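# Inside the fold
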Amino acid sequence: MSSAATLLTATIIVTYITSTSGDENEYRLVRDLMGSYDPRPRPVVHHSQALNVTFSVALAQIIDVDERNQIITTNCWLNQNWLDYKLVWDPRKFGNITNIRLPYDEVWKPDILLYNNADVSSSLSAVSTNVIVTNGGNVTWLSMWIFKSSCSIDVKYFPFDVQNCSLDFASWTYESFEVNLVKNADTGDTSNYVDSSEWELLNFQQKRQLVEFSCCPDNPYVFINYFIVIKRRPLFYIFNMMMPCVLITLVALLGFYMPSDSGEKISMGITTLLSMTVFLMIVAESMPPTSDVVPLIGMYYGITIAIVSSATGMTVLTLNIHHKGTRGHGVPPLLKRICFGVFAKFLFIKLDLPEPPEHGLHRIPQTETHRFDTDILTRNGGISPRFARKIRPLGGSPCSDNAEQQFTKLLQKVQQTIERNEFRLAEQDRRDHVKKEWQQLALVLDRLLLLCFLIVTVSITLSLMVPPDHSNG
Ligand SMILES: *[C@@H]1O[C@H](CO)[C@@H](O)[C@H](O)[C@H]1NC(C)=O
Ligand SMILES: *[C@@H]1O[C@H](CO)[C@@H](O)[C@H](O)[C@H]1NC(C)=O
Ligand SMILES: *[C@@H]1O[C@H](CO)[C@@H](O)[C@H](O)[C@H]1NC(C)=O
Ligand SMILES: *[C@@H]1O[C@H](CO)[C@@H](O)[C@H](O)[C@H]1NC(C)=O
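## Here we look at the confidence of the model for the protein
Put simply, the protein has an average pLDDT of 83, and 84% of its residues get 70 or more. Below a pLDDT of 50 lies the segment residues 363-378, which in the model reaches 14 contacts outside its immediate sequence neighbourhood of four places, other chains included.

Put into C-alpha coordinates, the structure is as follows:
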(Lines give C-alpha, C1' and ligand atoms only; values in the text may rest on other atoms or scores of the structure.)
(Ligands and ions follow the chains in the order given, each with its own letter.)
Protein backbone atom coordinates (compact mmCIF):
# COMPACT_ATOMS: atom_id res chain seq x y z
CA MET A 1 0.00 0.00 0.00
CA SER A 2 1.36 3.37 -0.98
CA SER A 3 1.90 6.18 1.52
CA ALA A 4 -0.41 8.41 -0.52
CA ALA A 5 -3.24 5.97 -0.19
CA THR A 6 -2.64 5.66 3.54
CA LEU A 7 -2.72 9.44 3.88
CA LEU A 8 -5.96 9.60 1.91
CA THR A 9 -7.58 6.95 4.09
CA ALA A 10 -6.45 8.74 7.24
CA THR A 11 -7.80 12.03 5.92
CA ILE A 12 -11.15 10.46 5.12
CA ILE A 13 -11.37 8.90 8.58
CA VAL A 14 -10.45 12.16 10.32
CA THR A 15 -12.96 14.06 8.18
CA TYR A 16 -15.63 11.48 9.02
CA ILE A 17 -14.96 11.68 12.73
CA THR A 18 -14.93 15.46 12.86
CA SER A 19 -18.06 15.74 10.69
CA THR A 20 -20.12 13.21 12.72
CA SER A 21 -18.88 14.04 16.20
CA GLY A 22 -20.65 17.41 16.20
CA ASP A 23 -21.33 18.23 19.81
CA GLU A 24 -19.92 15.19 21.45
CA ASN A 25 -20.30 16.63 24.94
CA GLU A 26 -23.34 14.52 25.70
CA TYR A 27 -21.62 11.30 24.56
CA ARG A 28 -18.70 12.17 26.73
CA LEU A 29 -20.89 13.04 29.64
CA VAL A 30 -22.91 9.83 29.43
CA ARG A 31 -19.79 7.72 28.98
CA ASP A 32 -18.13 9.44 31.91
CA LEU A 33 -21.18 9.15 34.12
CA MET A 34 -22.12 5.57 33.28
CA GLY A 35 -18.62 4.19 32.86
CA SER A 36 -18.26 3.12 36.44
CA TYR A 37 -21.93 3.29 37.36
CA ASP A 38 -23.64 0.30 38.90
CA PRO A 39 -27.45 0.59 39.20
CA ARG A 40 -27.62 -1.93 42.04
CA PRO A 41 -26.28 -0.20 45.17
CA ARG A 42 -28.27 2.47 46.92
CA PRO A 43 -26.67 5.83 46.01
CA VAL A 44 -25.66 7.10 49.43
CA VAL A 45 -22.27 8.35 50.52
CA HIS A 46 -22.41 6.33 53.71
CA HIS A 47 -24.61 3.26 54.06
CA SER A 48 -26.05 4.46 57.38
CA GLN A 49 -27.58 7.45 55.63
CA ALA A 50 -31.18 7.40 54.50
CA LEU A 51 -31.93 8.36 50.98
CA ASN A 52 -34.77 10.87 50.72
CA VAL A 53 -37.17 10.04 47.93
CA THR A 54 -39.83 12.62 47.21
CA PHE A 55 -42.89 10.78 46.03
CA SER A 56 -46.05 12.20 44.52
CA VAL A 57 -48.95 10.89 42.54
CA ALA A 58 -51.04 12.78 40.02
CA LEU A 59 -54.46 11.30 39.45
CA ALA A 60 -55.24 11.36 35.75
CA GLN A 61 -58.44 9.38 35.55
CA ILE A 62 -60.75 7.05 37.42
CA ILE A 63 -61.28 4.34 34.87
CA ASP A 64 -63.59 1.98 36.68
CA VAL A 65 -65.03 1.18 40.06
CA ASP A 66 -65.96 -2.46 40.28
CA GLU A 67 -68.38 -2.83 43.20
CA ARG A 68 -68.70 -6.58 42.80
CA ASN A 69 -64.99 -7.34 43.03
CA GLN A 70 -64.15 -4.30 45.16
CA ILE A 71 -61.53 -3.02 42.74
CA ILE A 72 -60.91 0.53 41.61
CA THR A 73 -58.97 1.12 38.41
CA THR A 74 -57.12 4.40 38.14
CA ASN A 75 -54.67 5.99 35.80
CA CYS A 76 -51.90 7.60 37.84
CA TRP A 77 -48.77 9.50 37.02
CA LEU A 78 -45.99 8.88 39.49
CA ASN A 79 -43.26 11.39 40.15
CA GLN A 80 -40.26 10.18 42.14
CA ASN A 81 -37.32 12.32 42.91
CA TRP A 82 -34.01 11.68 44.63
CA LEU A 83 -30.38 12.69 44.69
CA ASP A 84 -27.85 10.28 43.23
CA TYR A 85 -24.39 11.46 44.26
CA LYS A 86 -22.80 9.42 41.49
CA LEU A 87 -24.64 11.30 38.75
CA VAL A 88 -23.03 14.68 39.40
CA TRP A 89 -21.01 16.63 36.85
CA ASP A 90 -19.61 20.04 36.20
CA PRO A 91 -21.57 21.51 33.27
CA ARG A 92 -18.69 23.76 32.32
CA LYS A 93 -16.67 20.69 31.36
CA PHE A 94 -19.44 19.34 29.19
CA GLY A 95 -20.50 22.28 27.08
CA ASN A 96 -22.91 23.73 29.68
CA ILE A 97 -25.16 20.64 29.64
CA THR A 98 -27.20 20.82 32.83
CA ASN A 99 -29.51 17.84 32.39
CA ILE A 100 -29.65 14.61 30.48
CA ARG A 101 -32.10 11.73 29.98
CA LEU A 102 -30.98 8.24 30.82
CA PRO A 103 -32.82 4.94 30.24
CA TYR A 104 -34.76 4.20 33.40
CA ASP A 105 -33.35 0.70 33.81
CA GLU A 106 -29.73 1.87 33.86
CA VAL A 107 -29.86 3.88 37.07
CA TRP A 108 -30.72 2.95 40.60
CA LYS A 109 -34.42 3.32 41.38
CA PRO A 110 -36.36 2.85 44.62
CA ASP A 111 -38.64 -0.21 44.52
CA ILE A 112 -41.79 1.64 45.47
CA LEU A 113 -44.87 -0.47 44.89
CA LEU A 114 -48.58 -0.25 45.39
CA TYR A 115 -49.26 -2.43 48.42
CA ASN A 116 -52.99 -2.81 47.87
CA ASN A 117 -52.51 -3.93 44.32
CA ALA A 118 -55.23 -6.23 43.04
CA ASP A 119 -53.84 -7.08 39.65
CA VAL A 120 -50.94 -9.42 38.99
CA SER A 121 -50.29 -8.03 35.55
CA SER A 122 -49.94 -4.44 36.73
CA SER A 123 -46.24 -4.37 35.92
CA LEU A 124 -47.22 -4.61 32.27
CA SER A 125 -49.50 -1.62 32.45
CA ALA A 126 -46.78 0.83 33.38
CA VAL A 127 -45.16 3.24 31.02
CA SER A 128 -41.81 4.66 31.95
CA THR A 129 -39.13 5.67 29.52
CA ASN A 130 -36.24 7.72 30.83
CA VAL A 131 -35.18 9.38 33.98
CA ILE A 132 -34.18 13.03 33.97
CA VAL A 133 -30.85 13.74 35.65
CA THR A 134 -29.57 17.21 36.43
CA ASN A 135 -25.95 18.10 37.01
CA GLY A 136 -26.56 18.21 40.75
CA GLY A 137 -27.48 14.54 40.75
CA ASN A 138 -31.19 15.27 41.02
CA VAL A 139 -32.92 12.26 39.43
CA THR A 140 -36.58 12.59 38.43
CA TRP A 141 -38.45 9.48 37.39
CA LEU A 142 -41.85 10.06 35.80
CA SER A 143 -43.99 7.03 35.06
CA MET A 144 -47.57 6.30 34.19
CA TRP A 145 -49.44 3.39 35.71
CA ILE A 146 -52.85 1.82 35.40
CA PHE A 147 -53.45 0.73 38.97
CA LYS A 148 -56.01 -1.83 39.92
CA SER A 149 -56.22 -1.47 43.64
CA SER A 150 -58.42 -3.13 46.15
CA CYS A 151 -60.87 -0.84 47.86
CA SER A 152 -63.49 -1.93 50.31
CA ILE A 153 -66.55 -0.40 48.74
CA ASP A 154 -69.31 0.49 51.13
CA VAL A 155 -72.60 0.18 49.27
CA LYS A 156 -74.79 1.02 52.24
CA TYR A 157 -75.97 4.28 50.73
CA PHE A 158 -75.94 3.13 47.10
CA PRO A 159 -76.68 5.00 44.83
CA PHE A 160 -75.96 7.99 47.10
CA ASP A 161 -72.66 6.56 48.27
CA VAL A 162 -69.30 8.17 48.84
CA GLN A 163 -66.25 5.93 48.57
CA ASN A 164 -62.90 6.44 50.22
CA CYS A 165 -60.35 4.35 48.36
CA SER A 166 -56.71 4.37 49.27
CA LEU A 167 -53.56 3.82 47.26
CA ASP A 168 -50.83 2.65 49.63
CA PHE A 169 -47.30 3.15 48.37
CA ALA A 170 -44.14 2.05 50.08
CA SER A 171 -40.83 0.52 49.26
CA TRP A 172 -41.03 -3.25 49.19
CA THR A 173 -37.59 -3.90 50.65
CA TYR A 174 -36.04 -0.66 51.89
CA GLU A 175 -36.86 0.25 55.44
CA SER A 176 -37.36 3.78 56.67
CA PHE A 177 -33.68 4.30 57.55
CA GLU A 178 -32.64 3.23 54.06
CA VAL A 179 -35.19 4.91 51.86
CA ASN A 180 -37.14 7.71 53.41
CA LEU A 181 -40.27 8.57 51.47
CA VAL A 182 -41.10 12.24 51.64
CA LYS A 183 -44.34 13.80 50.51
CA ASN A 184 -44.21 17.17 48.88
CA ALA A 185 -47.72 18.39 49.72
CA ASP A 186 -50.83 17.45 51.65
CA THR A 187 -53.00 16.97 48.61
CA GLY A 188 -52.31 14.92 45.55
CA ASP A 189 -52.02 16.46 42.13
CA THR A 190 -55.30 16.65 40.24
CA SER A 191 -54.32 19.26 37.68
CA ASN A 192 -54.49 16.67 34.89
CA TYR A 193 -57.58 14.93 36.15
CA VAL A 194 -60.16 13.93 33.54
CA ASP A 195 -63.65 14.13 34.99
CA SER A 196 -65.66 10.95 35.22
CA SER A 197 -69.32 10.85 34.29
CA GLU A 198 -70.08 8.35 36.99
CA TRP A 199 -68.01 9.67 39.88
CA GLU A 200 -67.33 13.08 41.25
CA LEU A 201 -63.89 13.50 42.80
CA LEU A 202 -64.36 15.14 46.18
CA ASN A 203 -60.91 14.87 47.61
CA PHE A 204 -57.47 13.48 46.83
CA GLN A 205 -55.28 13.64 49.88
CA GLN A 206 -52.02 12.12 50.91
CA LYS A 207 -50.71 11.01 54.24
CA ARG A 208 -47.29 9.77 55.32
CA GLN A 209 -47.03 7.19 58.05
CA LEU A 210 -44.68 4.60 59.47
CA VAL A 211 -45.90 1.01 59.43
CA GLU A 212 -44.30 -1.93 61.18
CA PHE A 213 -44.78 -5.39 59.78
CA SER A 214 -44.82 -8.60 61.74
CA CYS A 215 -41.71 -9.78 59.93
CA CYS A 216 -39.49 -6.99 61.21
CA PRO A 217 -41.03 -5.21 64.19
CA ASP A 218 -38.19 -2.77 64.81
CA ASN A 219 -37.83 -1.63 61.25
CA PRO A 220 -40.76 0.43 60.16
CA TYR A 221 -41.55 1.11 56.54
CA VAL A 222 -42.59 4.52 55.31
CA PHE A 223 -45.98 4.52 53.67
CA ILE A 224 -47.48 7.24 51.59
CA ASN A 225 -51.24 6.75 51.41
CA TYR A 226 -53.38 8.50 48.88
CA PHE A 227 -57.08 8.74 49.58
CA ILE A 228 -59.38 9.07 46.63
CA VAL A 229 -62.73 10.26 47.91
CA ILE A 230 -65.38 9.95 45.24
CA LYS A 231 -69.09 10.47 45.21
CA ARG A 232 -71.37 8.63 42.84
CA ARG A 233 -73.49 10.68 40.50
CA PRO A 234 -76.90 9.16 41.19
CA LEU A 235 -78.93 10.41 38.24
CA PHE A 236 -78.56 7.20 36.24
CA TYR A 237 -79.80 5.08 39.12
CA ILE A 238 -82.62 7.44 40.03
CA PHE A 239 -83.79 7.50 36.45
CA ASN A 240 -83.37 3.82 35.64
CA MET A 241 -83.98 2.06 38.91
CA MET A 242 -85.82 4.20 41.43
CA MET A 243 -88.28 5.95 39.17
CA PRO A 244 -89.72 2.74 37.64
CA CYS A 245 -90.01 1.35 41.14
CA VAL A 246 -91.94 4.38 42.35
CA LEU A 247 -94.22 4.27 39.31
CA ILE A 248 -94.87 0.56 39.67
CA THR A 249 -95.74 1.06 43.33
CA LEU A 250 -98.16 3.84 42.51
CA VAL A 251 -99.82 1.68 39.86
CA ALA A 252 -100.04 -1.13 42.38
CA LEU A 253 -101.74 1.21 44.84
CA LEU A 254 -104.24 2.22 42.18
CA GLY A 255 -105.56 -1.32 42.61
CA PHE A 256 -107.42 0.04 45.62
CA TYR A 257 -109.21 2.46 43.33
CA MET A 258 -110.29 -0.30 40.98
CA PRO A 259 -113.96 -1.35 41.23
CA SER A 260 -114.27 -4.58 43.15
CA ASP A 261 -116.58 -6.05 40.54
CA SER A 262 -113.94 -5.84 37.81
CA GLY A 263 -112.24 -8.98 39.14
CA GLU A 264 -108.78 -7.68 38.21
CA LYS A 265 -107.69 -6.33 41.54
CA ILE A 266 -105.63 -9.32 42.63
CA SER A 267 -104.02 -10.02 39.27
CA MET A 268 -102.91 -6.40 39.07
CA GLY A 269 -101.20 -6.67 42.45
CA ILE A 270 -99.46 -9.90 41.46
CA THR A 271 -98.30 -8.45 38.13
CA THR A 272 -96.77 -5.41 39.79
CA LEU A 273 -95.07 -7.66 42.33
CA LEU A 274 -93.51 -9.67 39.51
CA SER A 275 -92.18 -6.60 37.73
CA MET A 276 -90.70 -5.32 40.99
CA THR A 277 -88.88 -8.61 41.42
CA VAL A 278 -87.39 -8.29 37.95
CA PHE A 279 -86.08 -4.83 38.85
CA LEU A 280 -84.71 -6.08 42.13
CA MET A 281 -82.71 -8.71 40.24
CA ILE A 282 -81.16 -6.01 38.05
CA VAL A 283 -80.17 -4.05 41.14
CA ALA A 284 -78.74 -7.13 42.82
CA GLU A 285 -76.56 -7.79 39.81
CA SER A 286 -74.62 -4.56 40.21
CA MET A 287 -74.12 -4.96 43.94
CA PRO A 288 -71.31 -6.81 45.63
CA PRO A 289 -72.77 -9.97 47.12
CA THR A 290 -72.25 -8.73 50.66
CA SER A 291 -74.26 -9.65 53.67
CA ASP A 292 -72.82 -6.92 55.89
CA VAL A 293 -75.24 -4.23 54.87
CA VAL A 294 -78.28 -4.00 52.65
CA PRO A 295 -77.78 -1.16 50.20
CA LEU A 296 -80.22 1.68 50.36
CA ILE A 297 -81.76 0.85 47.01
CA GLY A 298 -82.10 -2.80 47.99
CA MET A 299 -83.80 -1.71 51.17
CA TYR A 300 -86.10 0.51 49.15
CA TYR A 301 -87.01 -2.36 46.86
CA GLY A 302 -87.55 -4.65 49.83
CA ILE A 303 -89.84 -2.17 51.54
CA THR A 304 -91.69 -1.47 48.31
CA ILE A 305 -92.21 -5.16 47.65
CA ALA A 306 -93.52 -5.51 51.20
CA ILE A 307 -95.88 -2.57 50.58
CA VAL A 308 -97.18 -4.00 47.32
CA SER A 309 -97.59 -7.47 48.85
CA SER A 310 -99.52 -6.16 51.82
CA ALA A 311 -101.58 -3.97 49.50
CA THR A 312 -102.48 -7.07 47.50
CA GLY A 313 -103.31 -8.86 50.74
CA MET A 314 -105.50 -5.96 51.80
CA THR A 315 -107.24 -6.11 48.44
CA VAL A 316 -108.23 -9.69 49.25
CA LEU A 317 -109.69 -8.40 52.51
CA THR A 318 -111.73 -5.63 50.90
CA LEU A 319 -112.90 -8.01 48.17
CA ASN A 320 -114.07 -10.34 50.87
CA ILE A 321 -115.92 -7.50 52.55
CA HIS A 322 -117.39 -6.45 49.23
CA HIS A 323 -118.98 -9.87 48.79
CA LYS A 324 -119.86 -10.42 52.44
CA GLY A 325 -123.38 -9.03 51.97
CA THR A 326 -124.48 -12.15 50.08
CA ARG A 327 -124.47 -14.02 53.38
CA GLY A 328 -127.14 -11.74 54.72
CA HIS A 329 -125.63 -10.48 57.97
CA GLY A 330 -125.79 -6.76 58.37
CA VAL A 331 -122.78 -4.55 58.99
CA PRO A 332 -122.06 -4.35 62.73
CA PRO A 333 -123.38 -1.01 64.00
CA LEU A 334 -120.06 0.10 65.49
CA LEU A 335 -118.23 -0.53 62.22
CA LYS A 336 -121.01 1.25 60.41
CA ARG A 337 -120.75 4.25 62.67
CA ILE A 338 -116.95 4.46 62.33
CA CYS A 339 -116.72 3.82 58.62
CA PHE A 340 -119.75 5.66 57.34
CA GLY A 341 -119.77 8.37 59.96
CA VAL A 342 -116.08 9.18 60.33
CA PHE A 343 -114.01 7.79 57.47
CA ALA A 344 -116.48 8.46 54.66
CA LYS A 345 -116.81 12.09 55.74
CA PHE A 346 -113.08 12.40 56.19
CA LEU A 347 -112.40 10.98 52.73
CA PHE A 348 -115.25 12.96 51.09
CA ILE A 349 -116.96 9.83 49.83
CA LYS A 350 -120.58 10.29 48.83
CA LEU A 351 -122.28 7.19 50.13
CA ASP A 352 -124.88 5.62 47.91
CA LEU A 353 -126.97 4.03 50.64
CA PRO A 354 -130.75 3.62 50.16
CA GLU A 355 -133.05 4.22 53.10
CA PRO A 356 -133.31 1.08 55.19
CA PRO A 357 -136.49 -0.72 54.02
CA GLU A 358 -139.59 -1.13 56.23
CA HIS A 359 -139.44 -4.45 57.86
CA GLY A 360 -142.60 -5.50 56.00
CA LEU A 361 -144.77 -8.00 57.78
CA HIS A 362 -143.17 -7.71 61.14
CA ARG A 363 -144.53 -4.22 61.53
CA ILE A 364 -148.17 -5.23 60.72
CA PRO A 365 -150.08 -6.16 63.88
CA GLN A 366 -151.21 -9.76 63.95
CA THR A 367 -154.85 -8.81 64.66
CA GLU A 368 -155.05 -6.98 61.42
CA THR A 369 -154.40 -10.11 59.47
CA HIS A 370 -157.64 -11.59 60.67
CA ARG A 371 -159.67 -8.51 59.90
CA PHE A 372 -162.02 -9.08 57.11
CA ASP A 373 -161.54 -6.08 54.99
CA THR A 374 -161.87 -5.70 51.30
CA ASP A 375 -159.78 -2.62 51.49
CA ILE A 376 -156.82 -4.87 51.57
CA LEU A 377 -157.58 -5.84 48.02
CA THR A 378 -157.33 -2.30 46.77
CA ARG A 379 -154.46 -1.42 49.08
CA ASN A 380 -152.35 -4.21 47.73
CA GLY A 381 -153.40 -3.91 44.17
CA GLY A 382 -151.56 -7.07 43.28
CA ILE A 383 -154.50 -9.34 42.46
CA SER A 384 -154.78 -10.75 39.02
CA PRO A 385 -157.87 -9.67 36.99
CA ARG A 386 -158.96 -13.31 36.71
CA PHE A 387 -159.10 -13.53 40.46
CA ALA A 388 -161.13 -10.32 40.72
CA ARG A 389 -163.65 -11.66 38.26
CA LYS A 390 -163.97 -14.74 40.42
CA ILE A 391 -164.75 -12.67 43.50
CA ARG A 392 -167.31 -10.27 42.10
CA PRO A 393 -170.12 -12.78 41.37
CA LEU A 394 -169.66 -14.30 44.83
CA GLY A 395 -170.05 -11.00 46.60
CA GLY A 396 -173.11 -10.05 44.69
CA SER A 397 -175.04 -13.29 45.50
CA PRO A 398 -177.78 -13.43 48.13
CA CYS A 399 -176.90 -14.23 51.71
CA SER A 400 -175.62 -17.72 51.93
CA ASP A 401 -173.52 -19.03 54.83
CA ASN A 402 -171.73 -21.45 52.67
CA ALA A 403 -170.82 -18.90 50.10
CA GLU A 404 -169.75 -16.40 52.73
CA GLN A 405 -167.55 -18.93 54.43
CA GLN A 406 -165.98 -19.84 51.16
CA PHE A 407 -165.51 -16.22 50.36
CA THR A 408 -163.86 -15.57 53.70
CA LYS A 409 -161.55 -18.55 53.26
CA LEU A 410 -160.65 -17.41 49.84
CA LEU A 411 -159.97 -13.92 51.02
CA GLN A 412 -157.80 -15.25 53.81
CA LYS A 413 -155.84 -17.30 51.32
CA VAL A 414 -155.44 -14.28 49.12
CA GLN A 415 -154.28 -12.25 52.03
CA GLN A 416 -151.78 -14.92 53.05
CA THR A 417 -150.41 -15.05 49.54
CA ILE A 418 -150.08 -11.31 49.46
CA GLU A 419 -148.43 -11.27 52.82
CA ARG A 420 -145.98 -13.93 51.80
CA ASN A 421 -145.21 -11.99 48.69
CA GLU A 422 -144.78 -8.84 50.65
CA PHE A 423 -142.52 -10.60 53.10
CA ARG A 424 -140.44 -11.95 50.27
CA LEU A 425 -140.12 -8.55 48.73
CA ALA A 426 -139.21 -6.99 52.05
CA GLU A 427 -136.65 -9.70 52.65
CA GLN A 428 -135.26 -9.09 49.17
CA ASP A 429 -135.07 -5.37 49.91
CA ARG A 430 -133.35 -6.02 53.17
CA ARG A 431 -130.82 -8.32 51.53
CA ASP A 432 -130.15 -5.77 48.83
CA HIS A 433 -129.68 -3.15 51.44
CA VAL A 434 -127.26 -5.29 53.44
CA LYS A 435 -125.34 -6.11 50.28
CA LYS A 436 -125.14 -2.49 49.37
CA GLU A 437 -123.98 -1.62 52.86
CA TRP A 438 -121.11 -4.11 52.72
CA GLN A 439 -120.16 -2.87 49.29
CA GLN A 440 -120.07 0.68 50.51
CA LEU A 441 -118.04 -0.44 53.48
CA ALA A 442 -115.55 -2.10 51.12
CA LEU A 443 -115.39 1.09 49.09
CA VAL A 444 -114.68 3.21 52.16
CA LEU A 445 -112.00 0.76 53.29
CA ASP A 446 -110.46 0.74 49.80
CA ARG A 447 -110.16 4.51 49.80
CA LEU A 448 -108.84 4.53 53.33
CA LEU A 449 -106.17 1.95 52.46
CA LEU A 450 -105.31 3.83 49.27
CA LEU A 451 -104.68 6.95 51.31
CA CYS A 452 -102.67 5.11 53.98
CA PHE A 453 -100.48 3.24 51.48
CA LEU A 454 -99.97 6.37 49.44
CA ILE A 455 -98.77 8.25 52.50
CA VAL A 456 -96.47 5.38 53.53
CA THR A 457 -95.03 5.03 50.01
CA VAL A 458 -94.40 8.73 49.54
CA SER A 459 -92.82 9.17 52.95
CA ILE A 460 -90.55 6.14 52.54
CA THR A 461 -89.53 7.22 49.06
CA LEU A 462 -88.72 10.71 50.23
CA SER A 463 -86.84 9.58 53.31
CA LEU A 464 -84.69 7.19 51.28
CA MET A 465 -84.22 9.43 48.27
CA VAL A 466 -82.98 12.41 50.21
CA PRO A 467 -79.21 11.81 50.14
CA PRO A 468 -77.88 10.92 53.56
CA ASP A 469 -75.44 13.09 55.40
CA HIS A 470 -71.90 11.79 55.00
CA SER A 471 -70.22 14.33 57.24
CA ASN A 472 -69.79 11.82 60.05
CA GLY A 473 -68.46 9.07 57.90
C1 LIG B 1 -34.16 13.84 54.35
O2 LIG B 1 -35.32 14.50 54.80
C3 LIG B 1 -35.33 14.78 56.17
C4 LIG B 1 -36.64 15.42 56.51
O5 LIG B 1 -37.64 14.66 56.05
C6 LIG B 1 -34.14 15.70 56.51
O7 LIG B 1 -34.14 15.93 57.88
C8 LIG B 1 -32.89 15.03 56.08
O9 LIG B 1 -31.83 15.92 56.26
C10 LIG B 1 -32.95 14.67 54.61
N11 LIG B 1 -31.77 13.94 54.25
C12 LIG B 1 -31.03 14.27 53.20
C13 LIG B 1 -29.86 13.43 52.93
O14 LIG B 1 -31.30 15.22 52.51
C1 LIG C 1 -21.05 28.09 29.15
O2 LIG C 1 -21.60 29.17 29.88
C3 LIG C 1 -20.63 30.16 30.22
C4 LIG C 1 -21.31 31.17 31.12
O5 LIG C 1 -22.65 31.13 31.07
C6 LIG C 1 -20.12 30.77 28.94
O7 LIG C 1 -19.14 31.71 29.25
C8 LIG C 1 -19.51 29.69 28.06
O9 LIG C 1 -19.09 30.23 26.81
C10 LIG C 1 -20.52 28.60 27.83
N11 LIG C 1 -19.84 27.51 27.10
C12 LIG C 1 -20.37 26.97 25.98
C13 LIG C 1 -19.60 25.86 25.36
O14 LIG C 1 -21.45 27.36 25.54
C1 LIG D 1 -34.89 18.07 42.11
O2 LIG D 1 -35.64 18.66 41.05
C3 LIG D 1 -37.01 18.85 41.34
C4 LIG D 1 -37.66 19.37 40.09
O5 LIG D 1 -36.80 20.10 39.29
C6 LIG D 1 -37.15 19.80 42.51
O7 LIG D 1 -38.51 19.96 42.82
C8 LIG D 1 -36.47 19.19 43.72
O9 LIG D 1 -36.52 20.06 44.81
C10 LIG D 1 -35.01 18.89 43.39
N11 LIG D 1 -34.47 18.13 44.49
C12 LIG D 1 -33.37 18.50 45.13
C13 LIG D 1 -32.95 17.65 46.27
O14 LIG D 1 -32.73 19.46 44.77
C1 LIG E 1 -60.51 8.16 54.17
O2 LIG E 1 -60.02 7.12 55.00
C3 LIG E 1 -58.84 7.47 55.73
C4 LIG E 1 -58.39 6.24 56.49
O5 LIG E 1 -59.38 5.39 56.79
C6 LIG E 1 -59.11 8.64 56.64
O7 LIG E 1 -57.94 9.01 57.30
C8 LIG E 1 -59.59 9.82 55.80
O9 LIG E 1 -59.94 10.89 56.63
C10 LIG E 1 -60.82 9.38 55.01
N11 LIG E 1 -61.21 10.49 54.17
C12 LIG E 1 -62.46 10.96 54.20
C13 LIG E 1 -62.76 12.14 53.36
O14 LIG E 1 -63.33 10.44 54.87
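Still more ground to cover, so stick around.
## Observations concerning a nonpolar patch on the surface
Taken together, the side chains of F239, M243, L247, L250, L454, V458 and L462 define a hydrophobic patch exposed on the protein surface, amounting to about 610 Å² of accessible area. Elements supplying a minimum of two residues to the nonpolar patch: α3 (235-254) and α10 (401-465). Element by element, the count of residues in the nonpolar patch is highest for α3, at four residues. Tracing the backbone shows L462 in helix α10. Taking the relative accessible area as the measure of exposure, L462 reaches 52% and is therefore exposed.

## Some details on the nonpolar core
Grouped together as the largest cluster of nonpolar side chains are 78 residues, with contacts concentrated most on F55, I62 and F169. The residues touching F169, leaving out its near neighbours within four places in the chain, are F55, V57, L78, I112, L113, L114, F147, L181, V222, F223, I224 and Y226. Counting residues in each nonpolar core, the second largest holds 14 residues, with A344, L347, I349 and L448 among its members.

## So, the packing of aromatic side chains
Tallied over the full model, the rule gives 18 aromatic pairs. Measuring from centroid to centroid gives 6.4 Å for Y300 and Y301, while their planes differ by 85 degrees, and the two rings are edge-to-face. Relative accessible area serves as the criterion here: at 0%, Y301 is assigned to the buried category. The positively charged end of K109 is found above the aromatic ring belonging to W141, 5.3 Å away from the centroid.

## Topic: α3
Here α3 spans 27 Å end to end across 20 residues, near enough to the 28 Å set by a 1.5 Å rise per residue. Of all bends in α3, the biggest is about 35 degrees, found at M242, and the proline P244 comes one to four residues later. Buried within α3 we find Y237, M241, M242, P244, C245, V246, I248, T249, A252 and L253. Along its buried surface, α3 packs onto β11 (221-232), α4 (265-285), α5 (296-322) and α10.

## Considerations on the environment of K183
Along the chain, K183 falls in strand β9 (residues 179-183). You can call K183 partly exposed: its relative accessible area is 26%. Distance in space between the C-alpha atoms of K183 and V57 is 9.7 Å, their sequence separation being 126 residues. Every residue in contact with K183, bar those within four places of it in the chain, is listed here: F55, Q206, R208 and I224.

## Examining the packing of α5 against α10
For the pair α5 and α10, interaxial distance at closest approach is 9 Å and the crossing angle is 175 degrees. Relative to α10, the element α5 is oriented roughly antiparallel. Residue composition of the contact of α5 with α10, grouped by class: 16 nonpolar, six polar and one charged.

## Some points on unusual backbone geometry
Between F158 and P159 the backbone carries a cis peptide bond, its omega angle lying at 0 degrees. Inspection of the secondary structure assignment puts P159 in the loop between β7 (138-150) and β8 (162-171). In this structure, F348 is a non-glycine residue whose phi angle is positive, near 55 degrees. Mapped onto the fold, F348 is located in the loop between α6 (333-346) and α7 (366-370). Given a relative accessible area of 75%, F348 falls into the exposed group.

## Topic: the state of the cysteines
Applying the stated rule across the entire model yields one disulfide. With a sulfur-sulfur separation of 2.0 Å, C151 is cross-linked through a disulfide to C165. Sign of the S-S torsion, about -80 degrees for the bond between C151 and C165, identifies this disulfide as left-handed. One end of the pair, C151, is in the loop between β7 and β8; the other, C165, is in strand β8, and 14 residues separate them in sequence. Side by side, C151 and C165 carry an identical accessibility label, which is buried.

The rules behind each value
- Residues numbered from 1 in each chain as written.
- Chains lettered and ligands numbered in written order.
- Predicted model: local features only at pLDDT ≥ 70, side-chain atom pairs only at ≥ 80, totals over all residues.
- Heavy atoms only, no water.
- pLDDT = per-residue confidence, 0-100.
- Contact = heavy atoms within 4.5 Å.
- Patch = residues over 30% accessible without salt bridge, like charges linked within 9 Å, V, L, I, M, F, W, Y side chains within 5 Å.
- Areas by Shrake-Rupley, 256 points an atom, 1.4 Å probe, with all protein chains shown as cover.
- Salt bridge = Lys/Arg side-chain N within 4 Å of Asp/Glu carboxyl O.
- Helix = DSSP H or I, 4+ residues; strand = E, 2+ residues; numbered from the N terminus.
- Buried < 20%, exposed > 50% of the residue type's maximum accessible area, 1.4 Å probe, protein only.
- Core = buried A, V, L, I, M, F, W, Y, C linked by side-chain atoms within 4.5 Å.
- Phe/Tyr/Trp six-rings, centres within 6.5 Å; stacked < 30°, edge-to-face > 60°.
- Lys NZ or Arg CZ within 6 Å of the ring centre and 35° of its normal.
- Expected span 1.5 Å × (residues − 1).
- Bend = angle between axes of the 7 residues up to and from the residue.
- Axes fitted to C-alpha atoms, helices over the stretch in contact; angles between N-to-C directions.
- Parallel < 35°, antiparallel > 145°, perpendicular 65-115°, else oblique.
- Nonpolar A, V, L, I, M, F, W, Y, C, P; charged D, E, K, R; others polar.
- Disulfide = S-S within 2.5 Å.

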